[in-house]
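Residues per chain are reported as follows:
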Amino acid sequence: MAFLGKAAQRVMACRQTLSPLCRATTRCYSSQSTHTTEKSVPYEKILKQEDGLSGPTKPLPKSADVVVIGGGSLGCQTLYHLCKLGMTNVVLLERDRLTAGTTWHTAGLLWQLRPSDTEVELLAHTRNVISSELEEETGLETGWIQNGGLFIASNKQRLDEYKRLMSLGKAYGIESYVLSPAETKDLYPLMNVKDLYGTLYVPKDGTMDPAGTCTTLSRAATARGATVIENCPVTGIQVKVDDLGVKRVKAVETAHGTIQTPCVVNCAGVWATKLGEMAGVNVPLIAMHHAYVVTERIEGIQNMPNVRDHDASVYLRLQGDALSVGGYEQNPIFWNDVSDKFAFSLFDLDWDVFMQHIDGAVNRVPALEQTGIKSTVCGPESFTADHKPLMGEAPEVRGFFLGCGFNSAGMMLGGGCGKELAHWIIHGRPEKDMYGYDIRRFHHSLTNNNRWIRERSHESYAKNYSVVFPFDEPLASRNMRKDPFHQVQPCSNFSLFPFEPLTRDVLQEQGCVFQERHGWERPGWFNRGGPAPVLDYDYYGAYDVPKNTDYKYSEILGKEYTFDFPPHHDVIRDECLSCRNAVAVFDMSYFGKFYLTGPDAKKAADWLFTADVNKAPGSTVYTCMLNKRGGVESDLTVSRLEPSPAHLPLTPESNGEAYYLAIGGGVAQHNWSHIQAVLQDQGFRCTLIDHTEDMGMISIQGPKSRELLQEVLDSDLSNDAFPFSTHKIVNAAGHKVRAMRLSFVGEMGWELHVPKESCLPVYHAVMTAGAKYGICNAGYRAIDSLSIEKGYRHWHADLRPDDTPLEAGLAFTCKMKTSIPFLGRQALEAQKAEGLRRRIVCFTVDEKVPMFGLEAIFRNGVPVGHLRRSEFGFAIDKTIGYGYIRNPDGGVVSPDFVRSGEFTLERMGVTYKATAHLKSPFDPENKRVKGIYG
């Protein structure tokens with residue numbers, strides 16, 4: 001019998017390597033290990049195929065409304081929820097038996113608290129389905145065990161993270177407690193608490209049984225009319241092209257017949273990439289070995305909670321009178337050659353890789369040192385670039401939906417995600433804000449980029465148990481997309497070698513600390529200590545890759561990892577106050593820049609945009625785009641253009657209506673896909689053209705911006721000649737640019753949209769002219785502060801697809817006083833008639849304390865919501881937060897309801913008195929954007 005304590009000694013002595021790496025090609029970090037089919041697994045029952053069974057378990061129907069492919073957790077949950085929503089002509093195809101791929105060997109843990117409000121809601125639904133709903137509906141047990149969860153903190157930062165989760169949990173009624181080491185010992189007598197800072201105990205966390213859950217789900221779905229067919233591999237996806245040139249799902253092919261269907265759901269787990277290839281869809285996930293060991297019996301362990309010791313990167317799952325021990329290592333094994341024959345199979349455990357978890361487990365529960373290992377479980381799991389699932393309709397093919405890439409969390413997220421995916425399929429959009437899981441969050445240039453998928457998936461896996469800090473940035477796959485100010489440019493200075501000009505990176509040499517947003521490098525803030533370039537990814541020293549040394553950028557990020565004010569708080573303050581008091585320049589080149597043209601462009605604009613964008617040519621309008629339920633899919637600016645011949649990239653060819661759309665760069669792909677889907681659904685004859693890569697964009701903002709730009713532009717910038725919310729083509733230092741008088745920071749200012757080759761000359765002209773006005777570079781950390789101070793929304797923070805413009809205080813963007821129909825109008829009219837059941841509110845805190853979002857909001861001592869977004873406002877010298885509040889009685893949330901309440905905010909268990917505002921506390925009359933100062 002092997003003992004955990006002795007395993008380390010044995011591995012160190014023998015160093016028996018079980019093929020962890022293959023180097024047939026340059027740095028191929030993968031395994032060629034063979035798999036075995038007979039392993040002891042930690043469940044009494046699995047759904048193994050009986051010997052001799054071949055062919056589908058049921059005849060294939062000729063057609064179906066939806067075909068779900070993959071019989072794991074997500075496939076079964078999606079099927080069940082489709083039926084719950086009223087669909088009956090739905091089919092699930094499983095190539096082997098239910099759970100045969102990765103679900104059968106999953107640990108099945110469910111933790112209720114996560115640093116995301118959406119995930120807390122998804123987990124709550126899974127828990128409800130598994131713990132009560134299914135059993136009430138079918139009379140069958142799912143195997144749910146409510147033994148609680150215990151999160152271990154070995155330092156203050158980790159405990160602060162848990163306290164943040166506890167505060168968020170109060171907004172959702174989730175019971176949790178911060179325990180001292182002594183209290184932890186009382187709860188879990190076998191635990192070593194000598195090195196503990198504290199713990200977070202969540203009594204209603206628990207454990208799920210994969211086989212029991214999926215069996216019950218499939219039976220409940222078939223009772224409602226669904227068809228589950230096992231032992232039926234899919235061999236192809238038929239795609240047709242409609243009259244508008246749009247690719248759509250047509251049918252699913254198998255060796256035993258073809259099912260005609262307009263909708264396929266890819267729930268194939270690690271096999272999802274291959275299934276996507278059948279339809280021409282990119283599925284950016286990667287397969288890795290993921291392992292745990294099951295111990296022999298441990299006296300006294302019965303009824304103990306599951307444990308997550310993040311700092312040791314290990315979890316301990318209660319297994320009756322034993323434990324399952326697993327975790328996330330920094331050198332996981334990639335499974336490159338995914339086998340179609342792999343079913344109810346496991347890999348041999350590579351102890352060299354897994355051994356790093358043993359010391360942490362033995363330290364936490366010393367009894368493990370003398371406990372035998374009953375079995376090892378090492379199976380494949382699928383992982384993604386940001387450790388979030390891939391869901392929603394693929395941008396390449398209409399009717400092809402994804403429900404895969406769950407990063408070993410498919411059981412705990414399955415119920416919530418299955419429900420949302422079913423709603424997505426039936427109604428066109430999910431009920432909740434699922435953007436963080438939506439495949440459209442990734443730019444199309446990344447989803448088939450193997451380097452990006454592998455590097456980012458590795459880093460996300462390796463950092464899975466790291467503290468989630470507010471200002472974290474990835475180190476993997478950086479510099480994928482760079483704007484003209486960040487690209488290395490020839491320098492005009494004298495060079496000793498006339499044919500080798502000096503080069504320079506204009507922003508980096510000025511100390512720019514870059515942030516990464518879906519491939520783009522954008523300025524975060526400007527470090528006074530000089531350049532801090534982002535280096536190639538070093539895999540944190542794993543796989544014999546030399547670890548980066550003297551890595552200034554990484555060192556700067558490390559100092560930012562805090563729940564206090566970051567060490568560069570004063571630098572960001574100076575950038576903000578320069579903008580408020582003088583002038584600042586922001587590089588916003590990563591913004592999406594689209595043209596909408598064509599015979600039906602006006603019809604499309606009327607239907608797509610909430611505001612009336614058909615003002616006179618030369619106007620620019622801030623507007624939203626909605627879904628059918630009235631939720632905000634985007635906020636953007638739309639500029640109406642004059643008909644003109646093409647002078648790209650500044651003007652498209654147009655004989656009729658044409659519009660220029662400027663959209664936040666991190667969500668540009670989402671916007672592009674939303675617009676395209678609406679155009680296709682409505683049959684509008686339009687062309688959407690992307691010129692994002694062809695233009696840069698700088699925004700010059702502040703009281704001195706007009707004086708500065710009047711020296712650079714050849715146009716009159718007075719209020720009469722160039723009013724707010726207008727645009728025109730002008731010359732800037734001899735280069736044609738599109739100037740827009742807009743602001744995202746609450747100051748007078750102009751955006752300059754500049755052809756790529758003109759970016760540097762225009763930038764240098766602005767900086768030269770601005771020197772006497774005290775101009776400074778500023779980044780997005782400053783924008784975050786300045787915009788919240790002014791009350792401007794950030795999409796996917798305080799404005800999301802589950803928020804309506806009325807709830808978000810953006811009713812002014814909606815053309816409700818006109819008779820023009822637009823997408824989502826009916827929902828808004830109904831909501832307006834019924835009254836708002838929640839609304840956004842601004843809060844300020846007099847005490848100088850950092851907040852970052854997720855803090856609980858209390859009205860008269862009762863939880864009514866949580867902050868979505870929070871920053872420090874330097875002009876008013878206060879912490880500012882925005883959150884949506886509800887009436888605990890379910891009634892209307894009126895302005896009087898807000899005014900009459902006493903509000904507090906809870907941060908990490910500490911309560912702070914807050915002042916509620918229905919208008920921005922900074923410049924509520926909007927004078928500054930109009931150039932009215934003093």
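The name given to the protein chain in an unreviewed UniProt entry is Sarcosine dehydrogenase, mitochondrial, with the source organism recorded as Cyprinus carpio carpio. For the protein chain, the Subcellular location (unreviewed entry) comment in UniProt is given as "Mitochondrion matrix". You can read under Catalytic activity (unreviewed entry) in the UniProt record for the protein chain the words "(6S)-5,6,7,8-tetrahydrofolyl-(gamma-L-Glu)(n) + sarcosine + oxidized [electron-transfer flavoprotein] + H(+) = (6R)-5,10-methylenetetrahydrofolyl-(gamma-L-Glu)(n) + reduced [electron-transfer flavoprotein] + glycine".

### What about the overall build of the protein chain?
The helix and strand inventory of the protein chain stands at 20 helices and 42 strands. Reported as C-alpha extents along the three principal axes, the dimensions of the protein chain are approximately 85 × 70 × 65 Å. Counting across all 934 residues of the protein chain, residues that qualify as buried make up 63%. A fraction of 74% describes how many contacts in the protein chain between residues 6 or more apart in sequence connect residues 24 or more apart. Of the charged side chains in the protein chain, 99 are positive and 109 negative, and the gap between their average positions amounts to 3 Å.

### Quick notes on the packing of aromatic side chains
Enumeration over the complete set of coordinates arrives at 32 aromatic pairs. Judged by centre distance (5.1 Å) and plane angle (40°), the rings of Phe469 and Phe563 are tilted. In this pair, Phe469 is assigned in the loop between α11 (450-462) and β22 (489-490) and Phe563 in the loop between α12 (552-560) and α13 (569-581), connecting sequence segments 94 residues apart. Taken individually, Phe469 and Phe563 each receive the classification buried, so the pair is uniform in this respect. Residues Phe594 and Trp672 carry aromatic rings whose centres are separated by 5.1 Å and whose planes lie at 75° to one another, so their mutual orientation is edge-to-face. Placement of the pair is Phe594 in strand β27 (residues 592-597) and Trp672 in helix α15 (residues 668-682), with a sequence separation of 78 residues. Residue Phe594 is classed as buried on the basis of its relative accessible area of 1%. A network of ring pairs unites the aromatic residues Phe334, Tyr537, Tyr539, Tyr540 and Tyr543 as a single cluster. A cation over a ring is seen here: Arg522 above Tyr780, with NZ or CZ 3.9 Å from the ring centre. The aromatic ring of Phe722 is capped on one face by Lys728, whose charged end is 4.7 Å from the ring centroid.

### Description of unusual backbone geometry
Cis geometry is found at the peptide bond from Leu648 to Pro649, where omega equals 5°. Within the fold, Pro649 resides in the loop between β29 (632-640) and β30 (658-663).

### Quick notes on the sheet that holds strand β19 (residues 373-384)
Pairing in this open sheet of 8 strands is mixed, and the strands run β6-β7-β5-β15-β16-β17-β14-β19 from one edge to the other. Looking at the sheet topology across the chains shown, the edges are occupied by β6 (177-179) and β19. The mean inter-strand angle of the sheet, taken between neighbouring strand axes irrespective of direction, is 20°. In this structure, strand β16 (residues 314-319) lies alongside strand β17 (residues 322-327), joined through 6 bridges in antiparallel fashion.

### As for α15
Helix length check: α15 (15 residues) gives 21 Å between terminal C-alpha atoms against 21 Å at 1.5 Å per residue, within 8%. Here α15 has its buried residues at Ala668, Gln669, His670, Asn671, Ser673, His674, Ile675, Ala677, Val678 and Leu679. Buried residues along α15 sit in contact with β27, α14 (601-608), β28 (620-626), β29, β30 and β31 (687-690).

### Here we look at the UniProt feature "domain: FAD dependent oxidoreductase" (unreviewed entry) in the protein chain
Summarizing the sequence annotation, UniProt attributes the feature "domain: FAD dependent oxidoreductase" (unreviewed entry) to residues 65-424 in the numbering used throughout. The span residues 65-424 is 30% helical and 28% strand by assignment, and the distance between its end C-alpha atoms comes to 14 Å.

### Looking at the packing of α13 against helix α18 (residues 780-790)
Axis separation between α13 and α18 bottoms out at 9 Å; the angle between their running directions is 55°. Comparing the axis directions of α13 and α18 gives the class oblique. Between α13 and α18 lies a crossing whose hand is right-handed. Together, Ile572, Glu575, Cys576, Cys579 and Arg580 of α13 and Arg781, Ala782, Ser785, Leu786, Glu789 and Lys790 of α18 make up the contact between the two elements. Among the residues forming the contact of α13 with α18, the class breakdown is 5 nonpolar, 1 polar and 5 charged.

### Some thoughts on the pairing of strand β40 (residues 878-886)
Looking down a regular strand, the side chains alternate between one sheet face and the other. Of all 9 residues that make up β40, 7 are buried, and the element is covered over most of its length. The pairing of strand β37 (residues 838-845) with β40 spans 8 bridges and is antiparallel. Each residue of the ladder has a partner; that of Arg839, found in β40, is Ile885. In terms of strand pairing, strand β39 (residues 862-873) meets β40 through 8 bridges, oriented antiparallel.

### Re the pattern of salt bridges
Tallied over the full model, the rule gives 55 salt bridges. The salt bridge partner of Asp309 is Arg364, with a shortest N-O separation of 2.8 Å. Separated by 55 residues along the polypeptide, Asp309 in strand β15 (residues 306-309) and Arg364 in helix α9 (residues 356-364) bring together distant segments of the chain. Both residues of the pair, Asp309 and Arg364, count as buried. Glu829 is paired through a salt bridge with Arg825; the nearest N and O atoms lie 2.9 Å apart. Pair noted here: Glu829 and Arg825 are both in helix α19 (residues 825-834), with a separation of 4 residues, about one helical turn. Here the salt bridges do not stand alone but share partners, grouping Asp117, Asp433, Arg800, Asp802, Asp803, Glu807, Arg838 and Arg868 into one network.

### Focus on the sheet that holds β27
Reading across from one edge, β28-β29-β30-β27-β31 is the order of the 5 strands in this open sheet, with antiparallel pairing throughout. Where the open sheet ends on each side, the last strands, each with one partner, are β28 and β31. Here the strands of the sheet are splayed against their neighbours by 30° on average, with no regard to which way each runs. In this structure, β27 lies alongside β31, joined through 4 bridges in antiparallel fashion. What sits directly across from Leu596, in β31, is Leu688. α14 contacts β27, β28 and β30 of the sheet and is inclined by roughly 125° relative to β27.

### Describing the nonpolar core
Among the nonpolar cores identified, the biggest contains 181 residues, and Phe400 and Phe586 are the most heavily contacted of them. Tyr435, Leu596, Val621 and Leu836 belong to the second-largest nonpolar core, a separate cluster that totals 45 residues.

### Quick word on the pairing of β28
By the criterion of burial, β28 is predominantly enclosed, with 6 of the 7 residues buried. Summarising the sheet, β28 and β29 pair through 7 bridges and their orientation is antiparallel. For Cys624, the partnering residue across the bridge sits in β29 and is Asp635. Two successive antiparallel strands, β28 and β29, enclose a turn made up of 5 residues, where Gly630 displays a positive phi of approximately 90°.

### Some thoughts on the UniProt feature "domain: FAD dependent oxidoreductase central" (unreviewed entry) in the protein chain
UniProt tags residues 427-481 as "domain: FAD dependent oxidoreductase central" (unreviewed entry). End-to-end, the C-alpha atoms of residues 427-481 are 34 Å apart, and along that stretch the chain is 25% helix and 0% strand.

### Considerations on the side chain of Glu455
One can find Glu455 in helix α11. The exposure class of Glu455 is buried, given its relative accessible area of 11%. If near-sequence neighbours (up to four positions away) are discounted, Glu455 is found in contact with Ala476, Ser477, Tyr537 and Tyr539.

### Some thoughts on the state of the cysteines
Such a bond, covalent and formed between the sulfur atoms of two cysteines, is termed a disulfide. On inspection of all chains with the given rule, the structure shows 0 disulfides. With no disulfide of its own, Cys814 lies 6.2 Å from the sulfur of Cys624, the closest cysteine sulfur.

### Section: helix α6 (residues 210-223)
In an α-helix, one full turn covers 3.6 residues, which means residues spaced three or four apart are oriented alike. With 14 residues, α6 ought to run about 20 Å at 1.5 Å a step, and its terminal C-alpha atoms sit 20 Å apart, in line with that. Most of α6 sits inside the fold, with 11 of its 14 residues counted as buried. If you follow the buried residues of α6, they end up packed against α2 (73-84), α3 (117-138), β9 (227-229) and α10 (410-427). Looking one or two places after α6, you find Gly225, whose phi comes out positive at around 115°.

What counts and what doesn't
Residues numbered from 1 in each chain as written. Predicted model: local features only at pLDDT ≥ 70, side-chain atom pairs only at ≥ 80, totals over all residues. Heavy atoms only, no water. UniProt positions renumbered as here; feature names shortened; annotations may be inferred. Helix = DSSP H or I, 4+ residues; strand = E, 2+ residues; numbered from the N terminus. Buried < 20%, exposed > 50% of the residue type's maximum accessible area, 1.4 Å probe, protein only. Contact = heavy atoms within 4.5 Å. Lys, Arg positive; Asp, Glu negative; His and termini not counted. Charge placed at Lys NZ, Arg CZ, Asp CG, Glu CD. Phe/Tyr/Trp six-rings, centres within 6.5 Å; stacked < 30°, edge-to-face > 60°. Lys NZ or Arg CZ within 6 Å of the ring centre and 35° of its normal. Pairing = 2+ DSSP bridges. Axes fitted to C-alpha atoms, helices over the stretch in contact; angles between N-to-C directions. Expected span 1.5 Å × (residues − 1). Parallel < 35°, antiparallel > 145°, perpendicular 65-115°, else oblique. Left-handed = near helix turned anticlockwise from the far one by under 90°. Nonpolar A, V, L, I, M, F, W, Y, C, P; charged D, E, K, R; others polar. Salt bridge = Lys/Arg side-chain N within 4 Å of Asp/Glu carboxyl O. Core = buried A, V, L, I, M, F, W, Y, C linked by side-chain atoms within 4.5 Å. Disulfide = S-S within 2.5 Å.

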